Amino acid sequence: MTTFNFKKWNTITGWAAFAIALITYTLTVEPSMSFWDCGEYIATAAKLEVGHPPGAPLFQMLGAFFAMFTSELTEIARMVNFMSALASAFTILFMFWTITNLGKKLITISSSITEGSSIAILGSALVGSLTYTFSDSFWFSAVEGEVYAMSSFLMAILFWLGLKWESEIHTPRGHKWLILISFVVGLSFGVHILSLLVIPAIVLLYFFKTYKNINLKTTAIATVISVVVLMLVFKFLFPFTLKFFSASELFFINTIGMPYNSGSIIAALVLVTLFYFGLNITRKKNKVHTNTLILSVLFIMIGFSSWMMLPNRANANTTINENDPSRARELLAYY
């Protein structure tokens, strides 16, 4: 029986990797901007304006928060760039914990965890995460005001959450991780849709954990299903929601003669009502999986609500207002 406290050293070493990454990126963060989208992102973040489609409202709101920590106009760009540095350091942290998680699984297949194997897992995670820390493309995005650093962070935390869900999936409250995953998926739409590419990997984690008859055929079917789930979220859930708001807006304005935005308010009330009754009915009838599915969709929508910033700011006629997504129909086109 080993006395080596793996959990303790996993936490300490992970935060050490985070500190190395954060110090590196803070010391090398750009004082101004790069000659591409960075200037637009920094400007739209600082004043909460509307950038180019498909938008990054969560990134802009967080950028506005970081921009508040300087009174000098010349330092705004540096602060928004620092936000990317901080997000990238957290990417390294969750990458480290992902590697140790997978390393433990690999070791326990054939033997138990010993002090030597624990040190090997922690060492390999440190080497892997720090190699990525100093890789050219990641370091480049970590020091500029672009969405890719925060998108990388969301991808890293999504897969780490997927591993947490996989490890507790058969426990009574194990699906709480799926709810959190759903929320982060919704948030990712407010930064960059690249983060959604983690969804197929999480579906495969579920498949390999819950199904015993694993072969080439079932794996191929699971892979197809994982892509279908991705397409349902990306091509159905959000476009359908925006189309519903758009159709409701047109109906209540053109047919009923109600004022602008009344259709959007009614559509929002309809959605809230559907979620309320759906959760109540499935809870009373003890439909656990259906209840979890509805909760997952609800939390995706809550995360996606960062998009409300776009029509709000477009209606304020900000200086930068690309495509003017001021109402539901224009917001659908913007998406």
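Criteria and thresholds
- Residues numbered from 1 in each chain as written.
- Predicted model: local features only at pLDDT ≥ 70, side-chain atom pairs only at ≥ 80, totals over all residues.
- Heavy atoms only, no water.
- Salt bridge = Lys/Arg side-chain N within 4 Å of Asp/Glu carboxyl O.
- Buried < 20%, exposed > 50% of the residue type's maximum accessible area, 1.4 Å probe, protein only.
- Helix = DSSP H or I, 4+ residues; strand = E, 2+ residues; numbered from the N terminus.
- pLDDT = per-residue confidence, 0-100.
- Core = buried A, V, L, I, M, F, W, Y, C linked by side-chain atoms within 4.5 Å.
- Phe/Tyr/Trp six-rings, centres within 6.5 Å; stacked < 30°, edge-to-face > 60°.
- Lys NZ or Arg CZ within 6 Å of the ring centre and 35° of its normal.
- Contact = heavy atoms within 4.5 Å.
- Polar contact = N/O pair within 3.5 Å; in protein donor to acceptor, adjacent residues only side chain to side chain.

**Observations regarding the pattern of salt bridges**
- Scanning the model with the defined rule gives four salt bridges in all.
- Residue Glu-75 is joined to Arg-78 by a salt bridge in which the shortest nitrogen-to-oxygen separation is 2.9 Å.
- In this structure Arg-78 comes out as partly exposed when scored by relative accessible area, which is 31%.
- Across the salt bridge formed by Arg-327 and Glu-330, the nearest N and O atoms sit 3.8 Å from each other.
- Taking relative accessible area as the criterion, Arg-327 reaches 28% and is therefore assigned partly exposed.

**Here's the deal with unusual backbone geometry**
- Note the cis peptide between Pro-53 and Pro-54, where omega equals 0 degrees.
- In this structure, Asp-324 takes a positive phi of about 50 degrees despite not being glycine.
- Considering the arrangement of structural elements, one finds Asp-324 in the loop between helix 13 (309-314) and helix 14 (328-334).

**Section: the confidence of the model for the protein chain**
- Looking at the protein chain, the pLDDT average stands at 93 and 99% of residues meet or exceed 70.
- Helix 1 (residues 6-28) holds the highest mean pLDDT among the elements of the protein chain, 97, whereas helix 14 holds the lowest, 88.

**Describing the nonpolar core**
- Ranked by size, the top nonpolar core spans 75 residues in total, and within it Tyr-25 and Phe-59 carry the most contacts.
- The greatest single-element share of this core, amounting to 13 residues, is contributed by helix 4 (residues 76-108).

**What to know about the packing of aromatic side chains**
- Under the counting rule described, the total for this entry stands at 32 aromatic pairs.
- Here a set of aromatic residues connected by ring pairs shows up, and it is made of Trp-15, Phe-18, Phe-90, Phe-94, Trp-97, Phe-153, Trp-160 and Trp-177.
- For Arg-327, the ring lying beneath its charged end belongs to Tyr-260, and the centroid distance is 4.5 Å.

**Section: the environment of Leu-102**
- Relative to the helices and strands, Leu-102 resides in helix 4.
- Taking C-alpha positions, Leu-102 is 8.6 Å from Leu-163, a pair spaced 61 residues apart along the chain.
- If sequence neighbours within four positions are ignored, Leu-102 has contacts with Phe-159 and Leu-163.

**Structural notes on the side chain of Thr-91**
- Mapped onto the secondary structure, Thr-91 falls in helix 4.
- Given the relative accessible area of 2%, Thr-91 is considered buried.
- Looking at Thr-91, its side chain comes within polar contact range of the main-chain oxygen of Ala-87, at 2.9 Å.
- Setting aside its immediate chain neighbours within four residues, Thr-91 contacts Phe-138, Ala-149, Ser-152, Phe-153 and Ala-156.

**Focus: helix 2 (residues 38-46)**
- For helix 2, a buried count of seven out of nine residues is recorded, marking the element as mostly surrounded by other parts of the structure.
- Of all the positions in helix 2, only Cys-38, Gly-39, Glu-40, Tyr-41, Ile-42, Thr-44 and Ala-45 are classed as buried.
- For helix 2, the elements touching its buried residues are helix 3 (57-67), helix 4 and helix 7 (147-168).
- The first or second residue beyond helix 2 is Leu-48, which carries a positive phi of 50 degrees.

**Some words on the environment of Glu-146**
- The residue Glu-146 is located in the loop between helix 6 (136-142) and helix 7 in this model.
- By relative accessible area, Glu-146 is classed as buried at 1%.
- Along the chain, Glu-146 and Ser-129 lie 17 residues apart, while their C-alpha atoms are 21 Å from each other.
- Sequence-distant contacts of Glu-146, defined by excluding residues within four places in its chain, comprise Trp-36, Asp-37, Cys-38, Tyr-41, Phe-59 and Ser-84.

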